[in-house]
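# Coordinate inspection notes
Here is what each chain is made of, one letter per residue.
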Amino acid sequence: MGRPALEVAEIFRVHGPAWRQAQRAHLSLGQLKVMSAIEQCRSAALGGHVLRCEACEQVQIAYNSCRNRHCPKCQASPARRWLEAREADLLPVEYYHVVFTLPAPIAELAYQNKAAIYGLLFDLAAETLLTIAADPKHLGAQIGATLVLHTWGSALTHHPHVHGIVPGGGLSSNAERWVACRRGFFLPVRVLSRLFRRRFLEELAKAHRSGQLHFFGEHAALAEASAFANWLAAVRKPQWVVYAKRPFAGPAAVLAYLSRYTHRVAISNRRLVALDERGVSFRWKDYRAKGNTRYKTMTLSAEEFMPRFLLHVLPSGFHRIRHYGLIANAVRRHNLARARELLHVLPEAAEPQPPDEPTALVQPIFVCRDCGAAMLIIETFARGQPIRAPPTQRVAA
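These lines cover the structure that appears in this document, whether it is placed above or below. (Residues numbered from 1 in each chain as written. Predicted model: local features only at pLDDT ≥ 70, side-chain atom pairs only at ≥ 80, totals over all residues. Heavy atoms only, no water.)

For the chain, the count of helices and strands is 10 helices and 13 strands. Along the longest, intermediate and shortest principal axes, the C-alpha atoms of the chain span 75 × 65 × 45 Å. Partitioning the intrachain contacts of the chain with sequence separation of at least 6 by distance along the chain shows that 71% fall at a separation of at least 24. A total of about 22,100 Å² of accessible surface is found on the chain, and carbon and sulfur atoms cover 54% of it. (Helix = DSSP H or I, 4+ residues; strand = E, 2+ residues; numbered from the N terminus. Contact = heavy atoms within 4.5 Å. Areas by Shrake-Rupley, 256 points an atom, 1.4 Å probe, with all protein chains shown as cover.)

Okay, the side chain of Arg197 next. Along the chain, Arg197 turns up in helix α6 (residues 189-209). Put simply, Arg197 is tucked away with no salt bridge, and the nearest opposite charge, on Glu202, sits 10 Å away. With residues up to four places along the chain from it excluded, the contact list for Arg197 reads Arg236, Lys237, Pro238, Gln239 and Trp240. (Buried < 20%, exposed > 50% of the residue type's maximum accessible area, 1.4 Å probe, protein only. Lys, Arg positive; Asp, Glu negative; His and termini not counted. Salt bridge = Lys/Arg side-chain N within 4 Å of Asp/Glu carboxyl O.)

Here we have three strands laid out as an open sheet, ordered β9-β10-β11, and antiparallel in their pairing. Strands with a single pairing partner mark the edges of an open sheet, and in this sheet they are β9 (272-276) and β11 (295-300). Ignoring which end each strand starts from, the neighbouring axes of this sheet average 20 degrees apart. One ladder, built from four bridges, connects β9 with strand β10 (residues 279-285); its direction is antiparallel. In the strand pairing of β10, Leu275 is matched with Val280. In this fold helix α9 (residues 302-310) packs onto β9, β10 and β11, with an angle of close to 110 degrees to the strand it touches most, β11. (Pairing = 2+ DSSP bridges. Axes fitted to C-alpha atoms, helices over the stretch in contact; angles between N-to-C directions.)

On to the pattern of salt bridges. Side chains carrying opposite charge are able to pair once their charged atoms draw close together. As enumerated under the stated definition, the model contains 16 salt bridges in all. With a closest N to O distance of 2.8 Å, Arg199 and Glu202 form a salt bridge. Of this pair, Arg199 and Glu202 are both found in helix α6, three residues apart, which corresponds to roughly one turn of the helix. The class of Glu202 is partly exposed, set by a relative accessible area of 35%. A salt bridge links Lys206 to Glu203; the nearest nitrogen and oxygen atoms lie 3.4 Å apart. Of the two residues, Lys206 and Glu203 are both situated in helix α6; the distance of three residues between them amounts to about one turn of the helix. On the basis of relative accessibility, which here comes to 18%, the residue Glu203 falls in the buried class. Each member of the salt-bridge network shares a partner with another, and the members are Glu127, Arg198, Arg199, Glu202, Glu203 and Lys206.

Moving on to the nonpolar core. Of all hydrophobic cores here, the largest spans 50 residues; its most connected members are Ile106, Leu129, Phe196, Phe200 and Leu204. Of all the elements, helix α5 (residues 114-134) adds the most residues to this core, at 11 residues. Ranked by size, the runner-up nonpolar core spans 33 residues in total, among them Val8, Ile38, Leu46 and Cys74. (Core = buried A, V, L, I, M, F, W, Y, C linked by side-chain atoms within 4.5 Å.)

Summed over the entire model, instances satisfying the criterion amount to 11 aromatic pairs. Through a chain of ring-to-ring contacts, the aromatic side chains of Phe100, Phe196, Phe200 and Trp240 assemble into a single cluster. Sitting above the plane of the Phe318 ring, Arg322 keeps its charged end 4.6 Å from the centroid. (Phe/Tyr/Trp six-rings, centres within 6.5 Å; stacked < 30°, edge-to-face > 60°. Lys NZ or Arg CZ within 6 Å of the ring centre and 35° of its normal.)

Looking now at the environment of Val34. Note on placement: Val34 falls in helix α2 (residues 29-40). Once residues lying within four places of it in the same chain are set aside, the contact partners of Val34 are Asn68, His70, Phe309, Leu310 and Val313.

Bringing unusual backbone geometry into the picture now. Backbone geometry at Arg42 places phi at a positive 55 degrees, although glycine is not the residue there. Within the secondary structure, Arg42 sits in the loop between α2 and β1 (48-53). With phi around 70 degrees, Leu156 is a residue other than glycine that occupies positive phi space. Residue position: Leu156 is located in the loop between β4 (144-152) and β5 (158-167). What makes Leu156 buried here is its relative accessible area of 0%.

Burial runs high along β1: six of the six residues are buried. Here five bridges tie β1 to strand β2 (residues 59-63), and the two strands are oriented antiparallel to one another. Considered in β2, the bridge of Leu51 is made with Gln60. In this antiparallel pair of consecutive strands, β1 and β2, the connection spans five residues, and Glu57 shows a positive phi of 60 degrees. For β1 and strand β13 (residues 375-381), the ladder comprises six bridges, and the chain directions are antiparallel. Each bridged residue has a counterpart across the sheet, and for Leu51 the counterpart in β13 is Ile377.

For the pair α6 and helix α7 (residues 225-236), interaxial distance at closest approach is 11 Å and the crossing angle is 170 degrees. Classified by the angle their axes make, α6 and α7 are roughly antiparallel. Contacts from Arg197, Leu201, Leu204, Ala205 and His208 in α6 reach Ala225, Phe228, Trp231, Leu232, Val235 and Arg236 in α7. Taken together, the residues of the contact of α6 with α7 sort by class into eight nonpolar, one polar and two charged. (Parallel < 35°, antiparallel > 145°, perpendicular 65-115°, else oblique. Nonpolar A, V, L, I, M, F, W, Y, C, P; charged D, E, K, R; others polar.)

Turning next to the side chain of Ser172. As for its position among the elements, Ser172 is in the loop between β6 (169-171) and β7 (178-180). Among all residues touching Ser172, those that are not within four sequence positions of it are Gly140, Gln142, Arg177 and Val179.

Below is the structure:
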């Protein structure tokens, strides 16, 4: 797959310096760090190494990545490592996809209180799933869930929601049997929606009373208890969106889904179409339309595109992938072993290697673009050194 013709990094390099100067009083340190990281990613500013092919002796220069979790170019390797670690956790049962979305008024408030409200979104979505699943009227089981936070819509608008991947069943209260949900049906979304709405508004009111929320601009009046109570009453009336999709077609489909969602950023470089005098053009999906008409192109000025991208910078140290219930980190190994025992799944035994059999060859990290052979690092250079040309003379092995 070739390199995209246009990248977010190029937009930041061309328009970022002037825009940063104009907005210096309105950008957070985290946003400035993200811009700087993306601009420098895979450039001489971060250093790199010189590679030589073992077969054809072609010499190439590879620059280091920024490894920032908001960078469109740096997510493939972390996603692959995460998926390899999670593959062993899958059970031979149906898996369901659920989505919990915050309504627009709370999404606006969330932008001013990211850590507090995103944290509530995670914890209360998980609590809702675990509570309804444990109710004997519905499933009567202890379940597990992996939740992934997305804060964007397709047009880069602020649209906080969590995607949940949930096994279709769980352990009984005494962990003596596996309780499977009805085939093709997990939990009633209307019940999930109402409990999620009630619990979220309760915890939001508690956070307001304890002074955890901050209000600016048009929301400044909500700092007053009476104004906030009236605002909550209006948010309580509409139905909140909780969506459950049909089950995945087996564990392989779960992994395929996760590979697309776990390490996604607000916009990929491949959605960018053009950067010209009109601004930045990119592809987006209009979910209100149907068929092919939902795929459209939007053009924003660079001064509007950059803040929309930076809307989605997460607070430092905030985890956007979390595990709850049976697969919470502290108890995952024990609970999954018990679930496999009840599902009569035998652990896979590792095949012993014959003593004279060489171990499998490790895949090379760098591969030659010309012949596909492994490439060796023959030289490294530090951050900030000027861009250099490849060596004119071949280096001896």
